[in-house]
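Overview (structure and organization)
In case you want the letters, here they are:
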Amino acid sequence: MDLKTKINDYIHKNKNKAIELLQNLVREKSVSGNEAGAQKIITNYLQNLGLVIDRFEPSIEELTKSSYFISERTSFEDSPNIVAILKGTGNGRSIILNGHIDVVPEGEISSWERHPYSGEIIGNRLYGRGTTDMKGGNVAALFAIEAIKKCNIPLKGDLYFESVIEEESGGAGTLATILRGYEADAVLIPEPTKMKIFPKQQGSVWFRVKVKGKVAHGGTRYEGVSAIEKSIMVINHINQLEKVRNTRLLDDPLYKNVPIPIPINIGKINGGTWPSSVSDLVTLEGRLGVSPNETIEEAKLEITRWLKTLSLMDDWFIENPVEIEFFGARWLPGSIDLGHPFMESLKKSYQNVYKNEPIIEASPWGTDGGLFTQIKQIPTIVFGPGETKVAHYPNEYIDLDELFRCAEVIAHTLLDWCGVDEK
């Protein structure tokens, strides 16, 4: 029996172990600030596999020295990162498998058909917050490692598994692992891609725009200037910028199935103080998508300059220009050359498992991958089970068959990329 068949056989015969692990993880409500319980499960699992464990709480003091740090938290006490190390025998390429343990809140529980932290299985689906984003992907990676260990296959290259916090809030956990010195020849992030290979990832940054008006009594509203009405013009102008920015990606084949590759989304509006008063201030908050081909600073500069051209459309904005600021979460863009050996290794492994060609697209959302590519220039690919149409939604679930096939693909990739010591 060849090694890959041996691994597939192990995964097939031990599915219940992986299912139990995922259920236990889902039952831990690991929202930001509450990750310790889930990380303890991860730690115990990795210790049982015999891996070396580095458990550490990210240091705010160290993180704030980095220009890449973004978080509203002032402490990561009792919010540990976990890095597990499987040393290779030498002369092989190293790899990081990186996944976040934090999940977004469940929202209104009445919107769920079953409890969001039940880990209930119905048919071939395991339900609960975080199943797709991204505890299912983490379990796929962990089970790939287990299969290699239990089958006594010695890898030449070093393998690192990272279970990190704070991805949903901008990547402080992954940044902390980088600052701690962890790096490798490649990174695989098993975020939910529906088993598509994402060699490109857009970035994003949150922004806030203030639109000014002139207050007046509602009965004589013609004496005022409505910030609400002016904000409509501002939103339409931002929508035009979105069209301009996306025309630059029309020739990129990785975006052919993505209707809006780098969206600009207005997600929050606040304005006015009284129904019978003309509004003198509206605040718009949104998310600016950042192309893999640009930096966040370039994207920020473009929208800032674009908003200044409002004065050419309406004289009001000459004396009352809109104000823009950038705040909160931020994800860096990233990409890997399509001909890179790591791409070839993952594609070949996919072909071995699925017996067909993988779909290769650009990611419609950001991940921690941009931190690896921009800070350390490490080639990074996003590939994993689950799909974003159920992530962050009520009734989130993951298809278990897809999870196990992903584990096979990851395991095959580890063998091919790291190499096997056949002495």
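In short, a report on the structure.

What counts and how
- Residue numbers here run from 1 along each chain, matching the order of that chain's written sequence.
- Under the rules for a predicted model, residues below a pLDDT of 70 receive no local features and side-chain atom pairs below 80 are neither given nor counted, while totals for whole chains, interfaces and linings still include all residues.
- Side-chain calculation: all heavy atoms of the structure are included, whereas hydrogens and water are not.
- In these notes, a set of buried Ala, Val, Leu, Ile, Met, Phe, Trp, Tyr and Cys residues joined through side-chain atoms within 4.5 Å is what counts as a nonpolar core.
- Here the term buried applies to any residue with accessible area under 20% of the maximum for its type, exposed to any over 50%, and partly exposed to those in between, with areas from a 1.4 Å probe on protein chains only.
- Numbering of helices and strands starts at the N terminus; helices are DSSP runs of H or I of at least 4 residues and strands are runs of E of at least 2.
- Here, residues are in contact when the closest pair of their heavy atoms is within 4.5 Å.
- Multiplying one less than the number of residues by 1.5 Å gives the expected span of a helix.
- Pairing of N or O atoms within 3.5 Å defines a polar contact, subject to two protein rules: one partner must be a possible hydrogen donor and the other a possible acceptor, and residues neighboring in sequence count only if both atoms are side-chain atoms.
- When DSSP finds at least two bridges between two strands, those strands are taken to pair.
- Note on method: axes are straight lines fitted to C-alpha atoms, helices fitted across the in-contact stretch only, with angles between N-to-C directions ranging 0 to 180 degrees.

So, the nonpolar core
Judged by nonpolar contacts, the single largest core of 111 residues is most densely connected at Leu-46, Leu-97, Phe-161, Val-234, Ile-381, Phe-383 and Ile-410. Per element, the largest residue contribution to this core is 12 residues, and it comes from helix H12 (residues 400-418). For Phe-383, the contacting residues outside a window of four places in its chain are Leu-188, Ile-189, Pro-190, Glu-191, Thr-193, Met-195, Lys-196, Ile-197, Leu-346, Tyr-350, Cys-406 and Val-409. Within the second largest apolar cluster, 6 residues are counted, among which are Leu-249, Tyr-255, Val-258 and Ala-362.

Remarks on H12
With 19 residues, H12 should cover 27 Å at 1.5 Å per step; its first-to-last C-alpha distance of 27 Å lies within 8% of that length. The element H12 is extensively covered by neighbouring structure, given that 16 of its 19 residues are classed as buried. With a side-chain oxygen lying 3.0 Å from the backbone nitrogen of Asp-401, the N-terminal cap of H12 falls on Asp-399. Following H12 by one or two positions, Gly-419 has its phi on the positive side, about 85°.

Some remarks on unusual backbone geometry
Note the cis peptide between Asp-133 and Met-134, where omega equals -10°. Checked against the element boundaries, Met-134 lands in helix H5 (residues 131-150). Even without being a glycine, Lys-355 presents a positive backbone phi close to 65°. Here Lys-355 is to be found in the loop between helix H10 (341-354) and strand E14 (360-363). For His-392, which is not a glycine, the phi torsion comes out positive at approximately 70°.

Notes on the side chain of Glu-285
Topologically, Glu-285 is positioned in strand E11 (residues 281-290). At 2.8 Å, the side chain of Glu-285 forms a polar contact with the side chain of Arg-208. Excluding its chain neighbours within four sequence positions, the residues that come into contact with Glu-285 are Phe-207, Arg-208, Asn-265, Ile-266, Gly-267, Lys-268 and Phe-327.

Let's talk about the sheet that holds strand E16 (residues 397-399)
Read across the sheet, 3 strands follow the order E4-E5-E16 without closing on themselves; strand pairing throughout is antiparallel. On the outer flanks of this sheet lie strand E4 (121-122) and E16, each paired with one strand and no other. Bridge count between strand E5 (residues 125-127) and E16: 3 bridges; the pairing is antiparallel. Each residue of the ladder has a partner; that of Tyr-127, found in E16, is Tyr-397. Strands E5 and E16 of the sheet are contacted by H5, whose axis makes an angle of about 45° with E16. Across the face of the sheet, H12 comes into contact with E4, E5 and E16 while running at roughly 60° to E16.

Observations regarding the sheet that holds strand E12 (residues 323-331)
As summarised here, the arrangement of the 4 strands in space is E10-E11-E9-E12, forming an open sheet in which the pairing is antiparallel. In the strand order of this sheet, the two ends are held by strand E10 (264-271) and E12, each with one partner. This sheet shows a mean twist of 20° between the axes of neighbouring strands, independent of strand direction. Where E10 and E11 come together, 7 bridges link them in antiparallel fashion. Bridge assignment links Lys-268 to a residue of E11, and that residue is Glu-285. Relative to the sheet, helix H7 (residues 227-247) contacts strand E9 (203-212), E10 and E11, its axis offset from that of E11 by approximately 10°. Across the face of the sheet, helix H8 (residues 296-308) comes into contact with E9, E11 and E12 while running at roughly 155° to E12.

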